[in-house]
Amino acid sequence: MLGGAPGLSGRWERLEPRPRAGRMLRQVLHAGLRTSFHALGRFVAGHAVFFASAPVLLSILLGASFSRYRVEGDVESLLAPKHSLAKIEGNLVESLFPVNRSKHALYSDLQTPGRYGRVIITARRGSVLDPVHLETILQLHRRIYQMQVTAPATTVGSTSFNYSFSYLCLPDDKNVCIVDDIIRAMEEIQSARTSNQSVPILQYPITQLVDGRQAYIGHQLGGVQGWGPGGAVRGHGTGAKGEGVRSAKAVQLTYYLQSRSGLMDRVAGRWENAFCSELSLFGALHPKLGLYSSTSSSLRTDFQFSSVLARRPLLASLGVCGVLAILCCSMRDCVRSKPWLGMLALLSVALSGLTAAGILNLTGATYNSTYLGIPFVMLGHGLFGSFEMLSSWRRTREDQHVKERVASVFEDVMLRFSGSTMIHLMTLGLAASPLTNMEAVRLFCRSAALAITISYVYMLSFYSSCLVFTGYLETRYRHGCFCRRVPKPDRLDSKPAWYRCLMYTRYQDETQSTNPPHGVGHTHVPNPNLTHVETQTVNSSGVRGHVANSIQTQSPPNTHSTTTVTDPHPQDSHLLLGCVRHCYGDWITNTYVKPFVVLLYLVYISFGLMGFLQVTQGSDPSALVAMDTATVLYTHTQQRYFSSYSPVIGFYIYESAPYWNDSVQRDLLEYAKGFQRISWLEAYLNYLSDRNQSTSQPRENFTRTLRHSFLREPQFAHFADDIIFAERGQGEEPDVAASRIFLVAKTTENKREEMSVLLDTLRRLSLTSRVRFLIFNPSFVYLDRYATAVSSPLRHSLLAVLFLLGLSSLVVVEPLVSLWLGLTLLSVQFGVLGFMTLWGVEMDCVSVLCLISALGHSADCSGPLLCGFTSGRGESRTRWVRLALERHGIPSLQTFVCYSAALVPVCSVRSNLTRTLFRCLILTAGCSALHTLAFLPTLLTFLPPSKSRDHRPGRDGQRQEVECVEMNDSTRVVDQITTV
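Because the structure is predicted, anything quoted here is derived from the model rather than measured. (Residues numbered from 1 in each chain as written. Predicted model: local features only at pLDDT ≥ 70, side-chain atom pairs only at ≥ 80, totals over all residues. Heavy atoms only, no water.)

Draft legend 1. Spatial organisation of the overall build of the protein. Helices and strands together make up the secondary structure of the protein, namely 32 helices and 18 strands. Each of the 980 residues in the protein was classed as buried or not, and the buried ones make up 54%. Of the roughly 43,300 Å² that the protein leaves accessible, carbon and sulfur atoms contribute 58%. (Helix = DSSP H or I, 4+ residues; strand = E, 2+ residues; numbered from the N terminus. Buried < 20%, exposed > 50% of the residue type's maximum accessible area, 1.4 Å probe, protein only. Areas by Shrake-Rupley, 256 points an atom, 1.4 Å probe, with all protein chains shown as cover.)

Following this line, the structure appears as structure tokens:
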């Protein structure tokens, strides 16, 4: 700017060091962006009515689209990895052995395909096998079997039909309803007691029925005590003497339904509701038994129930946040106080959320309970932007026009606010890409990115227009709350004390009469948006010299930038500003306090590392549902009584194998060793041994005996469902094209982790085995690569942020801002991850959503502080840290207070999902505030960037700093020298 004066360019080139080409390019780009935002601010201020009314009208119009509101019904698609090997294996298994027809054998405690009703019956005293309890349980079974539901009429004039379980049940090959084997065993026990015969011994976990068939009842009978010493269960359920069941605390019954068509599916859904109602009535009549029900729709209903429970707490959060936002925007001066801007900031966030929801409704999107975190992502971003704009407004000159003040606010704030918005969109956008394998994470990030974009637009339009209106109220000396004109002090003297206190303000003429004009007699405060050029100074002996001084060179000549001045009346300032300026800023930069802050940071890193090393995955969907629901009660009961054994694992040999070969037989028996198993091959080999036949036979003899002798025995006939034969040719025995056996592993309390390890172990074994096999259970779709599917969006978002920061260093005037911001984001992320693990939060989709949003929140809080510090030159580090805290630390503190208070009502919701949200989000807010207000101000006082490289002190004599103000007239350039 100064170099453009004719005749003086040579002199200024000698005085000002020539910047590097890269830095000059960044300065030009930075100045261009600031000029653009300055022009945008003037345009918004000139059309404030339009920009205030258009978002409101648009939100109302889009809010009418809630008639298309739809809730996601498929929980598995949300919480299970979208692309996994388990789903591919499930499709292959479905093509060989339909899962829907074999789900009674392929038991899964986590997920079962199709419709079903399941109940766990516990005995409060005694055993469920006691005669009284046994009779009651069989009575309940008969009532459920005879229960009927009415199907609605499909057309006008048609009659409705009643459906019982015998019509809706899943039939076997003989068209008989499939019921649990424990029911048959209990009926045999009751029949023996009625006829005064010896009661058959019930073995565990594999028992033998009267017809000679072996049945696995490990997931049907729980809390078992055997006849061995100490009452513990002995052996592996092989049926040896002394291993019978002495007592059992729980029994689990499952009723599988078929849903072939849409009508049958609706009827099955009605039956599930009637099933739960019947159990509630039966439990009230029999208080000695505890009944815990679960159906195929229980997980979906209880998962979405969190949204219903959170409605009132969300409204309470909005109210509490609104009150605190009003207080944060208030100050002693009633004219300069702007309490309504706090409420209008919340209104801007609410309008943007309503607009985003309307767009989602119109595009056919569905809702789920994970969307409860989106309002808080918007709230943190919107509140910080509004507090930053208000803080910048208070630093502008009051004698300027409102449009010019708004333009200065845009020039000062919007570049940083746009940068933090870009970080939000980058993290959320990449997590919403097809690279994300978790559907719940992808949908959340897609919706949150849309909401953040609209919130940014509304902050530029709606909130900025509100700032214009309140600016006109301030210019006309109207009360910031009641909009009434405040009388001058001479008229207030006759009013009561409470009225004078309520109407306290300072008029501009009073300020000018009691304070010298800017540039005369008061201390100059550096502006972080200014760079340094050399100006003339005068030393004590009258000799001219040169000293570095702050002059605005970022804006072009046609931009009217506002120089920040010191508040002439500190008592009129905001309470937090006074505390930071006079107390906290001096305290946190004190030499004796810095070692304790550094020690606190080391403790922070230590505890974060401790938690990071203990991160566990949370693949159980029941951990994301509302508390005190049927799903939670059922899951806790199941883990208490039925955690000794894993779900039934299907071991599928999907290619033709030489089963008659002795080495193949040994391999298959070795694979199943250590499991509880129901194996046709093992039973067939024992069958051959009992008949004194060799187990190693030619293929034709092996297959002929299998088909015509073994499978025709009544106790082995059920194995026909486990073998698929393929014809070879006319007159030849068919081959065994595919087969399956069922395995059950002994587990401990860490059932999920052990199942995941077992899945990986058997898969690695299948890669080296001569027999081509795979393992499958419906619950594997949740367990398979869950940790990778959950953590990959977080890694992608973190890498995207680091890449964006590295790229932005090419356009930022001080590249060290990107480096410091990247390190801060990593530190905050590391701390949140570690502390949430120590707080008992597992790594599931909800916690990952919070970690992704934590990147943007920490960038909001720490980015402006770093920019304010690194942009300054010519002063000490401590001075610039204090100034950055005054200007950008206070908005961070205000955001932390309002954001944390808004989270408090959420912790009262009785839901596991909202509890995880509260813990992760409050840790995010706390770690971000700790870095912004404590760690960064301390570390910046002795770590790069340096503040003395552009400061050139004089070589001789005491010097006095001066300010050079360029003044243009029609004929020449005049340099006016005034003492600062």
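We are not done yet, so read on.
Draft legend 2. Representation of empty space enclosed by the protein within the structure. A complete count under the given rule lists seven cavities of 30 Å³ or more for this structure. Its boundaries defined by the atoms lining it, the second largest cavity holds a volume of some 80 Å³. As for the second largest cavity, its lining consists of 13 residues, and the residues nearest its centre are L668, S679, L681, E682 and I741. Elements supplying a minimum of two residues to the lining of the second largest cavity: β11 (649–653), α23 (662–671), α24 (680–690) and β14 (735–744). The dominant element in the lining of the second largest cavity, judged by the number of residues it contributes, is α24, at three residues. Residue composition of the lining of the second largest cavity, grouped by class: nine nonpolar, two polar and two charged. (1 Å grid on protein atoms, 1.4 Å probe; cavity = no way out; pocket = protein on both sides within 12 Å on 5 of 7 lines; lining within 4 Å. Points joined across faces, edges and corners; volume = space filled by probe spheres on them. Nonpolar A, V, L, I, M, F, W, Y, C, P; charged D, E, K, R; others polar.)

Draft legend 3. Summary view of the side chain of S766. Tracing the sequence through the fold places S766 in helix α26 (residues 751–768). Assessed through its relative accessible area of 13%, S766 is described here as buried. A polar contact of 2.6 Å, which involves the side chain of S766, links it to the backbone oxygen of R763. The residues touching S766, leaving out its near neighbours within four places in the chain, are R772 and F773. (Polar contact = N/O pair within 3.5 Å; in protein donor to acceptor, adjacent residues only side chain to side chain. Contact = heavy atoms within 4.5 Å.)

Draft legend 4. Up close: the nonpolar core. Judged by nonpolar contacts, the single largest core of 244 residues is most densely connected at L221 and W271. It is helix α16 (residues 439–475) that provides the largest number of residues to this core, a total of 19 residues. If we ignore the near neighbours within four places in the chain, the residues touching L221 are V128, I182, L202, Y204, V245, A248, A250, V251 and F642. By size, the runner-up hydrophobic cluster in this structure holds seven residues, among which are C334, V486, L492 and Y499. (Core = buried A, V, L, I, M, F, W, Y, C linked by side-chain atoms within 4.5 Å.)

Draft legend 5. Quick look at the pattern of salt bridges. For the coordinates displayed, the defined rule picks out 32 salt bridges. With its nearest N and O atoms 2.6 Å apart, the salt bridge here joins R143 to E278. Highlighted residues: R143 in helix α7 (residues 131–146) and E278 in helix α10 (residues 262–285), separated in sequence by 135 residues. Assessed through its relative accessible area of 29%, R143 is described here as partly exposed. Take E278: its relative accessible area is 14%, and that puts it in the buried class. Of the charged contacts in the structure, one is a salt bridge between E886 and R581, with a shortest N-O distance of 3.6 Å. Here R581 lies in helix α20 (residues 575–588) and E886 lies in helix α31 (residues 877–903), a separation of 305 residues in the sequence. (Salt bridge = Lys/Arg side-chain N within 4 Å of Asp/Glu carboxyl O.)

Draft legend 6. Molecular detail of a positive patch on the surface. There is a patch of like positive charges on the surface, built from R476, R478, R485 and K488. Assignment of secondary structure puts R478 in the loop between α16 and α17 (489–492). (Patch = residues over 30% accessible without salt bridge, like charges linked within 9 Å, V, L, I, M, F, W, Y side chains within 5 Å. Lys, Arg positive; Asp, Glu negative; His and termini not counted. Charge placed at Lys NZ, Arg CZ, Asp CG, Glu CD.)

Draft legend 7. Fine view of the UniProt feature "transmembrane region" (unreviewed entry) in the protein. Per the UniProt entry, the sites bearing "transmembrane region" (unreviewed entry) are residues 43–64, 340–360, 372–393, 413–435, 447–469, 794–813, 819–841 and 920–943 in this numbering. Secondary structure over residues 372–393 splits into 91% helix and 0% strand, and the C-alpha atoms at its two ends are 33 Å apart. (UniProt positions renumbered as here; feature names shortened; annotations may be inferred.)

Draft legend 8. Just the state of the cysteines, in detail. This model, assessed by the stated rule, comprises one disulfide. Here C169 pairs with C177 through a disulfide, and the sulfurs are 1.9 Å apart. Disulfide C169-C177: the torsion about the S-S bond is -70°, which places it as left-handed. Its relative accessible area of 8% is what places C177 among the buried residues. Sulfur of C579: no disulfide; nearest cysteine sulfur belongs to C583 and is 5.8 Å away. Given a relative accessible area of 49%, C583 falls into the partly exposed group. (Disulfide = S-S within 2.5 Å.)

Draft legend 9. Layout of the environment of I189. Along the chain, I189 falls in helix α9 (residues 181–194). Overall, the relative accessible area of 5% leaves I189 in the buried class. On a C-alpha basis, the gap between I189 and L202 in space is 8.7 Å, while along the polypeptide they are 13 residues apart. Once you skip the residues sitting within four places of it in the chain, I189 turns out to touch L134, V199, P200 and L202.

Draft legend 10. Spatial organisation of the sheet that holds strand β8 (residues 289–295). Strand order in the open sheet formed by four strands is β6-β7-β1-β8, and the pairing between neighbours is antiparallel. Unpaired on one side and paired on the other, β6 (221–226) and β8 mark the two borders of the sheet. Taken over all neighbouring pairs, the strand axes of this sheet differ in orientation by 20° on average, direction set aside. On top of the sheet, α9 reaches β6 and β7 (245–257); it is set at about 130° to β7, its chief contact. (Pairing = 2+ DSSP bridges. Axes fitted to C-alpha atoms, helices over the stretch in contact; angles between N-to-C directions.)

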